Amino acid sequence: MSASPYTLTRLCSTWGLAAAMLSACGGASETSLTAAGKQLMDKKDYTGAVIQFKSALQKNQDSVEARLQLGKALLEIGDPVSALVELRKAQDLQASPEAVVPDLARAMLLVGEEAKVVTEFGAIKLGEAAAHADLQTTLATAYTVRGDKAKAAQAIQSAQQAVVGYVPAAVLEARLKASEGDHDGALALLGQALAKEPDDARAGTLKGEIQWLAKKDTAGALASFQKVLAANPKALGAHTSTISILTEQNKNDEAKAQFDKLKKVLPNHPETLFFEAQFAFAAKDFKGTREITDRLLKGMPDNPRVLELAGAADYRLKRYTEAEASLGRALKAAPGLVLSRHLLAQTYLRLNQPNKVLEALAPILNSKEPDGTSLALAGEAWLQLGDSKKSDAAFALAAKVAPNDSRVRTSAALAQLARGNSGNAIAQLESIAAEDKGPRADVALISARLRQNDIAGALKAIDGLERKMPERPVAANLRGRVLLLKRDIPGATKAFEAALAKDPNYFPAVASMAALELDAGKPDAARKRFEELIKVQPGNYQAILALAELGARTGIPPDEVVALLRRAVKANAGEPTPHLALIGQLLASDANAALTAAREAAAALPNNGEILDALGRTQVASNSAEQAVATYKQLTTLQPSNAVYRVRLAEALQANKDPEGARRELRKALEIKPDLAVAKRALVALAVIEKRPQDAIALVREMQKADPKDAMAFALEGDVEASRRNWDGAAVAYRTALGLGRSTDNAVRLHTALRTSGKVADADKVAADWLKERPKDPAFYYYLGDIALADKKYAVAEESYRKVVEMQPRNALALNNVAWLMVKQGRTGAVAVAQQANDILPGRTPLMDTLAIALAAENQVGKAIEVQKSALLRSPSDPVLKLTLAKLLIKSGDKPYAKAELEDLAKLGEKFRDHAEVTSLLKSL
């Protein structure tokens, strides 16, 4: 887009130099443009100089001088990445080594390529003294970063021989002295350098750093830095050190103000961007942190500090696979980064890979003095591995090494809690919470109290947390959640309102209040809460997801739910949760649409394990088994120690007609996690599918031998016997399983096997004994209702379902069955029961069908037809709904409409289970 004449005039008139005006408005030559740029360089107007040199290069891309000077100017404005590109081009254009190498080496150093600096320039000797001194100083810095102090000293000596009293070399020599503990000697050298060049930024900055870090004279250090900045407003080190001191002193506003000054003078410098990323991280804007670190990594892909910060942000975003990659690269570049090791270890703990935790921590754990955090993380890893002895030893040593570290002590207490030693663990957490100003121990204590169902203790712990965080809504929201456990609805409401008074947009409290309103039969009020929050925070994907879930529960059309989920994805495409919700919603109705959504999610989050897992599941569901195999192979490569993904790969291989491959992956899964029940079941099921029951029995015998008390192994044996209709053998196995594992599933299995084998009296005894032991088992009562319903024992079935409703008043399916059975038995009152079920789960067509039948039974045929038409709008291809509507239409006297519906059903032929009834009704019309 070209500028208007007015704009050009304004631009030209604002540049002071005649050469500059010529360059923009006239036909200036490459030579005059380059000369104008150099004049601006002399005046330290590096930004203006960049414009001139770029204009010169538009005249001649191969101008060595313009390319060289552009690189130097970019270096001065704090853009070493771009400077490096231009200086390389100047080198390729045969710029003299004396002119290009010193700046090129400095740019490489600034982007973290110290190893390349040493390799490329370590043996070069430049003919010009000043250029040689400059290069040798940069080499000395590179050697220092790499820990080679001997070569650094040699390079410094070479620089000082080339230019006697060369200040940059003197500054670096002072830095080496300081690193060896000779701070007074370093300050003496800096004094001499500053006497020679009082405004030298490097000397003044290093003096301030020694005052700050070694002499603990922060006031003197700040004075030194301010003196540097007065003479050199773009002195990066003075800016960054000042910011660091102010941050340490908790003078966050002053630190931010100093950062704003830095950003004004060096907006694109990597250090400026890095500080910006750090500020974003401190503000818990982890997404913003990643956006900035991504920019930095484009220019310096192997910078360990940037990789560490990127990994830390990914960890907080729960992107553990990405965090693992970034932190691994950081440690490859700089193995001594302790924080990266700790974060990587924590990442592996979240990924349930304890062996990798120990592997990541090995260099620290094998050192003479491992730190408390490393030992505590190792303790957690040993705990995951089930080795309580090594876990206890690690935590004991951690507490000894870091007796005052509340994080270490909290981790040790939580480990005890995990092993069931709750009394001692809670006492320790109470002690830590009382001493520590941070909230971690308080939150752990609240959780521990709740695990014990100690409501009073949890509320007391919440009081302690609120004293530490009086302005934040966290404690009030937790209090509300705990009061809900007491069924204290008024108290919980008051607590949530208190949380919202502190922060009206605090999503957990908004969601809690909406849930209370929904339970109170006020869905519109709940919806309004989320809508108001979204108005204030349009990108709040959690609120949009909650609105979608609310819509699904209150019966809005499925396409509206999908639209909301797509909106949530758009609001935050880098967050996996909205993608997963959308894929799950679509998967229930349209596998191909789900597959498209999963592919889009994988494109946005290519290495996210949950997303790849969802993609694999949709590929299997849409009969793209070969693609699913490829997806799960990628996933198992990314997370080779995740046993569940091995099982998923096995399922894909089985769908792709590769049972041998499936068996291999299931075996691998069990090598990783020997107690993984889903893998054991899958192996047995695979043998059954392949008609190899003896192999399946052999597998369960192996499991039983490995653990004679494994109830699941005996339940699987029963499943195998049931698959070959050996009901007596199945009953024996199920009885053993029930004896070892008193679960509803095992009781149901045994009851079913006995009934099927004709031993009804034995089955009835199992049911009676189970209900005597577990009189409040709604799942078993629901099963008995289903059995009675199948036997057409309607009164018995109704009684069983009513038992379920007594224990679970909001069980919509049980209520629906009660209503249907009341109609079937010719009893009144079914409409109210059916309506209650529909209120709890609105928009569910089977429930709407029952309501229509109940309305018709009470002679409310018109209303019944309206309900059934609404049900058909939701599921237009459901033949059962069509048949019910036809019957209702016949009852209302609308035979033509009924005939049309029946004729439509007749086209299905005998594929429709009620085809005979359809034929009979057509004949009657």
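Residues numbered from 1 in each chain as written. Predicted model: local features only at pLDDT ≥ 70, side-chain atom pairs only at ≥ 80, totals over all residues. Heavy atoms only, no water.

Focus: the overall build of the protein chain
A count of helices and strands for the protein chain gives 55 helices and 0 strands. Referenced to the eigenvectors of the C-alpha coordinate spread, the extents of the protein chain come out at roughly 110 × 75 × 60 Å. Here the analysis covers contacts within the protein chain between residues at least 6 apart in sequence; of these, 46% occur between residues at least 24 apart. Across the protein chain, 123 positive and 110 negative side-chain charges occur, with their mean positions spaced 2 Å apart. (Helix = DSSP H or I, 4+ residues; strand = E, 2+ residues; numbered from the N terminus. Contact = heavy atoms within 4.5 Å. Lys, Arg positive; Asp, Glu negative; His and termini not counted. Charge placed at Lys NZ, Arg CZ, Asp CG, Glu CD.)

Observations concerning a positive patch on the surface
A contiguous patch of positive charge, built from Lys284, Arg316, Arg350, Arg407, Arg440 and Arg472, is present on the exposed surface. Relative to the elements of secondary structure, Arg316 occurs in helix α19 (residues 304-316). Classification of Arg316 by relative accessible area gives partly exposed; the value is 46%. (Patch = residues over 30% accessible without salt bridge, like charges linked within 9 Å, V, L, I, M, F, W, Y side chains within 5 Å. Areas by Shrake-Rupley, 256 points an atom, 1.4 Å probe, with all protein chains shown as cover. Salt bridge = Lys/Arg side-chain N within 4 Å of Asp/Glu carboxyl O. Buried < 20%, exposed > 50% of the residue type's maximum accessible area, 1.4 Å probe, protein only.)

What about the pattern of salt bridges?
A full pass over the atoms with the stated rule returns 48 salt bridges. A salt bridge links Arg692 to Asp695, with the nearest nitrogen and oxygen atoms 2.5 Å apart. Relative accessible area serves as the criterion here: at 24%, Arg692 is assigned to the partly exposed category. A residue is classified by how much of its surface remains accessible, and Asp695, at 38% relative accessible area, is partly exposed.

Comments concerning the nonpolar core
Membership of the largest hydrophobic core comes to 82 residues, with the highest contact counts inside it found for Val100, Val117, Phe121, Leu135, Leu139 and Val357. Not counting the four nearest positions on each side in its chain, Phe121 is found in contact with Val101, Leu104, Ala105, Met108, Lys116, Leu135 and Leu139. Formed by 64 residues, the second largest nonpolar core is a distinct cluster that contains Ala413, Val482, Ala492 and Ile583. (Core = buried A, V, L, I, M, F, W, Y, C linked by side-chain atoms within 4.5 Å.)

So, the environment of Ala434
The residue Ala434 is located in helix α26 (residues 422-435) in this model. Sequence separation of Ala434 and Leu465 is 31 residues, and the distance between their C-alpha atoms is 9.9 Å.

Thoughts on the confidence of the model for the protein chain
Of all residues in the protein chain, 96% have pLDDT values of 70 or greater, and the mean over the chain is 88. Contacts for the low-pLDDT stretch residues 1-26, under 50 throughout, to residues beyond four places or in other chains number 22 contacts. (pLDDT = per-residue confidence, 0-100.)

Quick word on the packing of helix α34 (residues 558-571) against helix α35 (residues 576-587)
For the pair α34 and α35, the least separation of the axes is 8 Å and the interaxial angle reads 160°. Taken together, the axes of α34 and α35 lie roughly antiparallel to each other. Here α34 and α35 pass one another in a crossing that is left-handed. Between α34 and α35, the contacting residues are Pro558, Val561, Val562, Leu565, Arg566, Ala568 and Val569 on the first element and Pro578, His579, Ala581, Leu582, Gln585 and Leu586 on the second. Partitioning the contact of α34 with α35 into residue classes produces 10 nonpolar, 2 polar and 1 charged. (Axes fitted to C-alpha atoms, helices over the stretch in contact; angles between N-to-C directions. Parallel < 35°, antiparallel > 145°, perpendicular 65-115°, else oblique. Left-handed = near helix turned anticlockwise from the far one by under 90°. Nonpolar A, V, L, I, M, F, W, Y, C, P; charged D, E, K, R; others polar.)

As for the packing of helix α9 (residues 129-145) against helix α11 (residues 167-179)
The geometry of α9 relative to α11 is characterised by a closest axis approach of 9 Å and an angle of 20° between their N-to-C directions. Relative to α11, α9 is oriented roughly parallel. Note that α9 runs across α11; the crossing there is left-handed. Across the interface between the two elements, Thr137, Ala140, Thr141 and Thr144 from α9 touch Pro168, Ala169, Leu172 and Leu176 from α11. Per-class residue counts for the contact of α9 with α11 are 5 nonpolar, 3 polar and no charged.

Some thoughts on the side chain of Ser241
Inspection of the secondary structure puts Ser241 in helix α15 (residues 236-248). The exposure class of Ser241 is buried, given its relative accessible area of 5%. When sequence neighbours within four positions are dropped, the list of residues in contact with Ser241 reads Glu209, Trp212 and Phe225.

So, unusual backbone geometry
Unusually for a residue other than glycine, Asn250 sits at a positive phi of about 60°. Along the chain, the position of Asn250 falls in the loop between α15 and α16 (252-265). Using a relative accessible area of 63% as the deciding quantity, one classes Asn250 as exposed. At Arg725, a residue that is not glycine, the phi angle is positive and equals roughly 60°. Along the chain, Arg725 falls in the loop between α43 (711-723) and α44 (727-740).

A few points about the environment of Ala495
Here Ala495 is to be found in helix α30 (residues 489-502). Separated by 17 residues in sequence, Ala495 and Leu478 place their C-alpha atoms 8.3 Å apart.

Quick look at helix α46 (residues 760-773)
In an α-helix there are 3.6 residues to a turn, and that puts residues three or four apart on one side. Taking 1.5 Å of rise per residue, the 14 residues of α46 would be expected to cover 20 Å, and the 20 Å separating its terminal C-alpha atoms lies within 8% of that figure. For α46, the full list of buried residues reads Ala763, Val766, Ala767, Trp770 and Leu771. Buried positions in α46, seen along its axis, are confined to an arc of 120° and lie on one side of it. Turned more than 90 degrees from where α46 packs its buried face, Ala761, Lys765 and Lys772 sit exposed. Where the residues of α46 are buried, they touch α44, α45 (744-756) and α47 (778-790). (Expected span 1.5 Å × (residues − 1). Arc of directions from axis to C-beta.)

A few points about the side chain of Asn811
Considering the arrangement of structural elements, one finds Asn811 in the loop between α48 (794-807) and α49 (812-824). Judged by its relative accessible area of 17%, Asn811 falls in the buried class. At 2.8 Å, the side chain of Asn811 and the side chain of Gln808 are in polar contact. Every residue in contact with Asn811, bar those within four places of it in the chain, is listed here: Tyr782 and Val804. (Polar contact = N/O pair within 3.5 Å; in protein donor to acceptor, adjacent residues only side chain to side chain.)

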